[in-house]
Amino acid sequence: MSQAAAVSEQRQWDRLMAMARIGAIPGDGVNRACLTELDRRARRLLIGWANEIGASATVDAAANLWLRREGTDPRAAAVVTGSHMDTQPNGGRFDGIYGVIAGLEALTALHDAGTTLRRPIDVVAWTNEEGGRFAPGCMGSMAWSGCRRVEEFADVVDPDNVRFADALDAHLAAEADLPRRTLGSQPHAYVEAHIEQGPRLEALGRDIGIVTGIQGSRWFTVTLTGETAHAGTTPLALRRDAVQDMVRAIAALNALMHDPNDVLRFTVGRIVVEPNTSNSVANRASFTIDLRHPDKDVLLARGDAVAGVVQAAVRDAGVMVQETFHALPVAFSPLVIDAVERAAAEHRYGHLRLASGAFHDAQFVVPVCPTGMIFVPCRKGISHNPAEYAEPSQLAAGTRVLAHVLAELGNG
Ligand code: GLV
Ligand code: MN
Ligand code: MN
């Protein structure tokens with residue numbers, strides 16, 4: 001039996017549904033923020049399944065969790081697969097966790113098929129890909145790749161004012177029984193499976209997306225400081241209203257980000273107003289900007305213009321603009337792209353080359369080793385939404401392609 005034939009659609013689906021119960025929210029969604037008790041429960045469940053096939057678990061200083069199936073050559077660099085286990089606050093059952101469960105299913109299939117490989121295979125669950133609790137996302141993969149130091153994130157706070165460093169320390173203390181692995185390594189290759197999170201594969205009736213790269217992203221937090229005042233008595237001319245200036249700033253940013261071709265993505269997704277009461281003028285308004293574009297020059301030019309445009313638009317408030325995330329567009333490696341395409345063709349899955357609109361941990365692995373991704377369709381492209389759904393058979397198809405690719409690269 002080949003490793004692809006040993007992939008079990010049912011086992012993978014059951015594991016995804018077991019994971020979906022950890023942090024379940026109404027409407028089939030999941031809210032499992034990173035470095036929480038729910039995150040730890042999900043990791044323990046994963047480690048238990050990995051131990052059943054003799055894979056060992058280790059953790060690094062950024063709390064990235066690593067599951068290893070040994071190869072025959074102790075000196076050979078590993079092939080790494082995986083994704084993330086944290087979700088958006090209103091997340092679905094597949095974003096991230098599919099790539100981790102698919103990695104484990106592929107390892108299990110290699111085990112069940114009795115396939116020995118020269119290289120070790122590592123399944124990694126990266127810490128805080130979503131950035132939903134601590135911004136920005138991809139902290140674990142950025143720290144591992146050396147793009148940022150984990151200490152740089154120490155003072156980032158969650159909405160309850162918990163510092164990232166404190167959440168990380170508490171988490172590592174709870175996982176003190178796991179052997180520590182050094183942060184950073186030099187794998188032979190990295191391949192990450194993920195739902196597409198867009199509508200193209202479904203619309204074109206294809207099972208497998210061969211991902212060619214990822215568009216660039218920049219995140220900013222804009223903080224406007226005015227002065228609180230009585231809503232019934234303070235004449236408009238005497239106000240320094242942070243909310244009114246926020247409205248002016250967002251209108252000006254909409255004009256800056258206008259793209260008649262609808263390629264540029266501009267989102268204001270989080271707004272915090274203080275004191276946030278109906279009969280007081282706001283003294284503080286902060287909002288996030290999520291800007292994405294596949295062209296580096298456009299991404300840099302529009303992003304670099306943010307601070308000036310906000311400054312020019314506001315009337316009364318003080319302005320502070322902080323950039324919290326800066327990920328340039330990346331192109332994936334032909335080594336992985338071609339291996340994924342060969343595997344999809346061999347299994348007769350309809351496939352398509354496409355670029356990713358979402359960012360992924362794979363973006364930060366690109367400078368370290370040959371990297372690529374496998375996408376599977378998701379219903380209507382819906383994601384970051386409890387209604388996110390992917391067909392069990394298409395999730396299994398992605399995992400068969402992954403198992404095939406791991407077997408090929410694992411002997412390469
Ligand atoms: C990942 O979650 C993204 O926002 O692209
Ligand atoms: Mn994801
Ligand atoms: Mn996501």
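Anyway, here's the lowdown on the structure attached to this text. (Residues numbered from 1 in each chain as written. Chains lettered and ligands numbered in written order. Predicted model: local features only at pLDDT ≥ 70, side-chain atom pairs only at ≥ 80, totals over all residues. Heavy atoms only, no water.)

## Regarding the coordination of the manganese ion (ligand 3)
In plain terms, the rule: Note on donors: an N, O or S atom is included if it sits within 2.8 Å of the metal, or within 3.2 Å for Na, K and Ca, and water is never included, so sites can look incomplete. Numbering of helices and strands runs from the N terminus; a helix is a DSSP stretch of H or I covering at least four residues, while a strand is a stretch of E covering at least two. Relative accessibility decides the category of a residue: with a 1.4 Å probe and only protein chains considered, values under 20% of the type maximum give buried, values over 50% give exposed, and everything between is partly exposed.
Protein coordination at the manganese ion (ligand 3): the donors are D95 (OD), E130 (OE), E130 (OE) and H384 (NE2), at 2.1 to 2.5 Å from the metal. Here the donor residues of the manganese ion (ligand 3) are spaced in sequence according to D-x34-E-x253-H. Here the manganese ion (ligand 2) and the manganese ion (ligand 3) are spaced 3.6 Å from one another, each receiving a donor from D95. Residue D95 is located in the loop between β5 (79-84) and α3 (97-112), and its partner E130 is located in the loop between β6 (121-126) and α4 (139-145); the two are separated by 35 residues in the primary sequence. The exposure class assigned to D95 is buried, which follows from its relative accessible area of 6%.

## Looking at the packing of helix α2 (residues 37-52) against α3
Selection criterion: Each axis is a line fitted through C-alpha atoms, and for a helix only the stretch in contact is used; angles between axes span 0 to 180 degrees, taken between their N-to-C directions. To sort the angles, those under 35 degrees are grouped as roughly parallel, those over 145 as roughly antiparallel, those from 65 to 115 as roughly perpendicular, and the leftovers as oblique. Here is the rule for handedness: rotate from the far helix to the near one, and if that takes an anticlockwise turn smaller than a right angle the crossing is left-handed, while a clockwise turn gives right-handed. What makes two residues a contact is simply this: any of their non-hydrogen atoms within 4.5 Å. Each residue gets one of three labels, nonpolar for Ala, Val, Leu, Ile, Met, Phe, Trp, Tyr, Cys and Pro, charged for Asp, Glu, Lys and Arg, and polar for the others, Gly among them.
Where α2 contacts α3, the two axes come as close as 10 Å, and the packing angle between them is 15°. One element, α2, and the other, α3, form an angle in the roughly parallel class. In the crossing of α2 with α3, the sense of the turn from one axis to the other is left-handed. Contacts between α2 and α3 involve L46, W49 and A50 from the former and V100, I101 and L104 from the latter. Looking at the contact of α2 with α3 residue by residue, the class counts come to six nonpolar, no polar and no charged.

## Observations regarding the coordination of the manganese ion (ligand 2)
Distances from the manganese ion (ligand 2) to its protein donors, H84 (NE2), D95 (OD) and H194 (NE2), fall within 2.0 to 2.3 Å. Taken in chain order, the donor set of the manganese ion (ligand 2) reads H-x10-D-x98-H. Classification of H194 as buried rests on a relative accessible area of 1%.

## As for α3
Note that an α-helix has 3.6 residues per turn; residues three or four places apart therefore point the same way. Note the cut-off: An expected span of 1.5 Å times one less than the residue number is assigned to each helix.
The first and last C-alpha atoms of α3 sit 22 Å apart over 16 residues, in line with the 22 Å expected at 1.5 Å per residue. Counting buried positions over the 16 residues of α3 gives 14, a clear majority of the element. One or two positions beyond α3, positive phi appears at G114, with a value near 70°.

## Focus: the site of ligand 1
Test applied: By convention in these notes, a residue is near a molecule or strand provided one of its non-hydrogen atoms lies within 4 Å of it. Here a polar contact is taken to be a pair of N or O atoms separated by no more than 3.5 Å, where protein atoms must pair a possible hydrogen donor with a possible acceptor and residues adjacent in sequence count only if both atoms sit in side chains. Surface accessibility in these figures is a Shrake-Rupley result with a 1.4 Å probe; residues are shielded only by whichever protein chains are displayed.
Every residue close to ligand 1 is listed here: E129, E130, R292, A358, F359 and H384. Within the side chain of E130, one N or O atom sits 2.9 Å away from an oxygen atom of ligand 1. H384 places a polar side-chain atom, nitrogen or oxygen, 3.2 Å from an oxygen atom of ligand 1. The fraction of the free accessible surface of ligand 1 (200 Å²) that becomes covered by protein chains is 93%. Residue classes in the shell around ligand 1 are distributed as two nonpolar, one polar and three charged.

## Brief notes about the side chain of R69
This is how the line gets drawn: By the counting scheme adopted, Arg and Lys are positive, Glu and Asp are negative, and His together with the chain ends is not counted. Salt bridge, as used here, is a side-chain nitrogen of Lys or Arg placed within 4 Å of a carboxyl oxygen of Asp or Glu.
Its location among the elements puts R69 in strand β4 (residues 65-69). Here R69 occupies a buried position and makes no salt bridge, while the nearest side chain of opposite charge, D112, is found at 8.5 Å. For R69, the side chain forms a polar contact with the main-chain oxygen of T115, separated by 2.7 Å. Excluding residues that lie within four positions of it along the chain, R69 makes contacts with L107, L110, H111, T115, P120 and I121.

## Side note on the nonpolar core
Our working rule: Think of a nonpolar core as a cluster: buried Ala, Val, Leu, Ile, Met, Phe, Trp, Tyr and Cys residues, connected wherever their side-chain atoms sit within 4.5 Å.
Grouped together as the largest cluster of nonpolar side chains are 104 residues, with contacts concentrated most on M19, L46, F94, F164, I208, L395 and V401. With 10 residues, α3 is the single largest residue contributor to this core. Excluding its chain neighbours within four sequence positions, the residues that come into contact with I208 are L201, A344, Y349, G350, H351, L352, I374, F375, V376, A397, G398 and V401.

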